[in-house]
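# Structural overview for review
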Amino acid sequence: MKILFVNVVYGAGSTGNIVKNLFNECSKTNEAYLIYGRGKKVHQKNIFKLTSELESKVHHLISKITGNMYGGMFFSTRRIINKIKDIKPDIVNLHCINGYFVNIYKLLRWLAKNNIKTVLTAHADFMMTGGCGYTVECNKYLKEECKKCQNFKTFNGKISLNRANKNYKIMYDNIALFSKNNFALTCVSPWLAKRYEESPIYKGFNIKTILNPIDPIFMEKGLKNPYENKTNVLYVTPNIYDYVKCGWLIDELAKQRNDVNFTVICTRDVDYSFSSKNIVYIKGGVEKKLLRDYYFFADATVLLSKRETFSMVVSESLSCGTPVYGFKSGGPETIADANNSVFLDERDINALSKCLFSISKNKEEIRKESFKKYSLESISKEYIDLYKLLLSI
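In what follows, the accompanying structure is described. (Residues numbered from 1 in each chain as written. Predicted model: local features only at pLDDT ≥ 70, side-chain atom pairs only at ≥ 80, totals over all residues. Heavy atoms only, no water.)

## Overview of helix α1 (residues 13-26)
To be explicit about the condition: Secondary structure follows DSSP: runs of H or I at least 4 residues long count as helices, runs of E at least 2 residues long count as strands, and numbering of each begins at the N terminus. To estimate the expected span of a helix, count its residues, drop one, and scale the result by 1.5 Å. Accessible area is worked out with a 1.4 Å probe on protein chains only. A residue is then buried under 20% of its type maximum, exposed over 50%, and partly exposed in between. The contact criterion used throughout is that any non-hydrogen atoms of two residues lie within 4.5 Å.
In this model, α1 (14 residues) spans 20 Å end to end at C-alpha, consistent with the 20 Å of a helix rising 1.5 Å per residue. Most of α1 sits inside the fold, with ten of its 14 residues counted as buried. Residues T15, G16, N17, I18, V19, N21, L22, F23, E25 and C26 constitute the buried set of α1. Summarising the contacts, the buried residues of α1 are in contact with β1 (2-7), β2 (31-36), β3 (47-49), α10 (288-297), α11 (312-319) and α15 (376-392).

This is the structure:
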């Protein structure tokens, strides 16, 4: 079976690592290929970077005015389609195809019109809204009413034309081109799957939940304790300033628990000033083995987001045996075992402070239970079984 993965990046960020691991695992028993668009070029068999960074940056700037962030990209899209023609895959598995590396509409239209079996893996909201990556509390897309979108300029820029409704309609029309026998949608959490099931764009299509796999390194035991204090809480975020991630709340939590050491690991290399003295801030992220040690030797991991469709922080922490505490944000509470995590209904820092360390389960128990849910081998098998099913129709 020839499997082609398409993702915005390779080996970087959450989806970049997820797709890399799925590609490597599927390559063991199948002929796998991978196309990506942004970041460094890797020299590895069957992996292709086909997007021009210059074209991507130019399109990004133009889209800040036009609001057409998923269109454009003429030359890179042509290279990607030509490569698909060369490969002649049995299955194309699209993951995150935003990020200014391909014309999403043209790619979908070409796959549909050429009757290519396609699996779309939804990691975020934008494939059911045609725009928003996080709809948060907005449900306009359910009624096909993305007119006068209040969020459009928040995520696309203050000077952008608001074409949310047009983007929605174009996405709707292109997904509708697929035959029910040639298309399947997977979502990374039961919560996200429910939202896609309610979306008019995907009405009548096969929708399945397949969780994100963890990197195998997080199944290993930690080697060296990176903490100096005895009681430690870990907070990991891609961007401390992201309004959806709500990283600033860690300061409030630390003030209430000055008996505890808080470690904040931010992937982005940005400065941030905390008022609490019991916070250690690490910017620019850490290598995977060290991150595993931070998870493994922590007493608790916290999640403060308003919205998460999955949360690799949750799956990685639980796989390292460390319970997670936070607020309900969508995906996390549907992918985590309730015995190994606490997600509060109300965004109340006082309540979160009080419930920290309330889970007393053995770390090894938590790890074993999590391996069953998030292991690369089991999740890869779920994908392979879905590919075979789609090919048999």
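## Notes on the pattern of salt bridges
To keep things clear, this is the line we draw: What makes a salt bridge here is a side-chain nitrogen of Lys or Arg within 4 Å of a carboxyl oxygen of Asp or Glu, nothing more.
Here the structure, examined in full by the defined rule, presents 17 salt bridges. Here K28 ties to E25 by a salt bridge, and the two come within 3.0 Å at their closest N and O atoms. The salt bridge involving D215 is made with K288; its shortest N-O contact spans 2.7 Å. Separated by 73 residues along the polypeptide, D215 in the loop between β7 (206-209) and β8 (232-237) and K288 in helix α10 bring together distant segments of the chain. In this structure K288 comes out as partly exposed when scored by relative accessible area, which is 31%. Put simply, R38, K49 and E53 are held in one network by salt bridges that share partners.

## Observations concerning the packing of α1 against α15
The criterion, for reference: In this analysis an axis means a line fitted to C-alpha atoms, helices contributing only their contacting stretch, and an angle means the value between N-to-C directions, from 0 to 180 degrees. Any angle that falls under 35 degrees is termed roughly parallel, while one over 145 is termed roughly antiparallel, one within 65 to 115 roughly perpendicular, and all others oblique. Here the nonpolar group is Ala, Val, Leu, Ile, Met, Phe, Trp, Tyr, Cys and Pro; Asp, Glu, Lys and Arg are the charged ones; every other residue, Gly included, is treated as polar.
Close contact between α1 and α15 brings their axes to 10 Å; oriented N to C, the two are set at 75°. In this view, α1 runs roughly perpendicular relative to α15, as classed from their interaxial angle. Counted together, N21, L22, E25 and C26 of α1 and L376, E377, S380, Y383 and I384 of α15 form the full contact between these two elements. When its residues are assigned to classes, the contact of α1 with α15 shows five nonpolar, two polar and two charged.

## A few points about helix α8 (residues 190-198)
Each full turn of the α-helix corresponds to 3.6 residues, which orients residues three or four apart in the same direction. Residues of α8 that are buried: W191, L192, A193, R195 and Y196. Where the residues of α8 are buried, they touch β5 (118-122), α5 (126-129), β6 (183-187), β7 and α12 (332-335).

## Quick look at the sheet that holds β3
The condition that has to hold: At least two DSSP bridges between two strands are needed for those strands to be called paired.
Read from one edge to the other, the open sheet built from seven strands follows the order β3-β2-β1-β4-β5-β6-β7, with strand pairing classed as parallel. In the strand order of this sheet, the two ends are held by β3 and β7, each with one partner. Across the sheet, the mean angle from the axis of one strand to that of its neighbour is 20°, orientation sign disregarded. As paired elements, β2 and β3 share three bridges and run parallel to each other. Residue pairing across strands places Y36 opposite K49, the latter belonging to β3. Contacts between α1 and the sheet are confined to β1, β2 and β3, with β1 contributing the most and set at about 170° to the helix.

## What to know about unusual backbone geometry
You will see that N46, though not glycine, has its phi angle at about 70°, which is positive. Along the chain, N46 turns up in the loop between β2 and β3. Here the phi dihedral of K88 falls at roughly 55°; this positive angle occurs in a residue that is not glycine. Relative to the helices and strands, K88 resides in the loop between α3 (74-87) and β4 (91-94).

## Description of the pairing of β5
Of all five residues that make up β5, five are buried, and the element is covered over most of its length. Judged by which residues are buried, β5 turns out to be covered on both faces: T118, L120 and A122 on one side and V119 and T121 on the other are all buried. As paired elements, β4 and β5 share three bridges and run parallel to each other. Residue pairing in the sheet places N93 in a bridge with V119 of β5.

## A look at the sheet that holds strand β12 (residues 324-327)
Strand order in this open sheet of six strands is β10-β9-β8-β11-β12-β13, and the pairing throughout is parallel. The sheet terminates laterally at β10 (279-283) and β13 (341-344), the two strands that pair on one side only. The average angle at which neighbouring strand axes cross in this sheet is 20°, direction not considered. In this structure, strand β9 (residues 261-266) lies alongside β10, joined through five bridges in parallel fashion. Looking at β10, one finds that V264 is bridged to Y281.

## Brief notes about the packing of aromatic side chains
Here is the rule we go by: Stacked, edge-to-face and tilted labels apply to pairs of Phe, Tyr and Trp rings (six-membered ring for Trp) whose centres lie within 6.5 Å, assigned for plane angles under 30 degrees, over 60, and everything in between, in that order.
Inspection of every chain in the model, using the stated rule, returns 15 aromatic pairs. Pairing Y241 with Y272 gives two aromatic rings, centres 5.2 Å apart and planes at 65°, and the pair type is edge-to-face. Here the residue Y241 occupies a position in the loop between β8 and α9 (249-256), and Y272 occupies one in the loop between β9 and β10, the gap between them amounting to 31 residues. Residue Y272 is classed as partly exposed on the basis of its relative accessible area of 23%. Between F296 and F297, the aromatic rings sit 5.1 Å apart at their centres with planes inclined by 80°, giving edge-to-face as the arrangement. By relative accessible area, which is 11% here, F296 ends up buried. Grouping aromatic residues by their ring pairs yields a cluster made of F178, F183, Y196, Y202 and F205.

## A word on the packing of helix α4 (residues 104-113) against helix α7 (residues 164-175)
Counted only if it meets this: Handedness of each helix crossing follows the sense of rotation of the near helix against the far helix: counterclockwise by less than a right angle gives left-handed, clockwise gives right-handed.
Where α4 contacts α7, the axes come no closer than 9 Å and their chain directions differ by 15°. By the angle between their axes, α4 is roughly parallel relative to α7. The crossing of α4 and α7 is left-handed. Here I104, Y105, L108 and R109 of α4 come into contact with α7, specifically with N167, I170, M171, N174 and I175. For the contact of α4 with α7, the residue count by class is six nonpolar, two polar and one charged.

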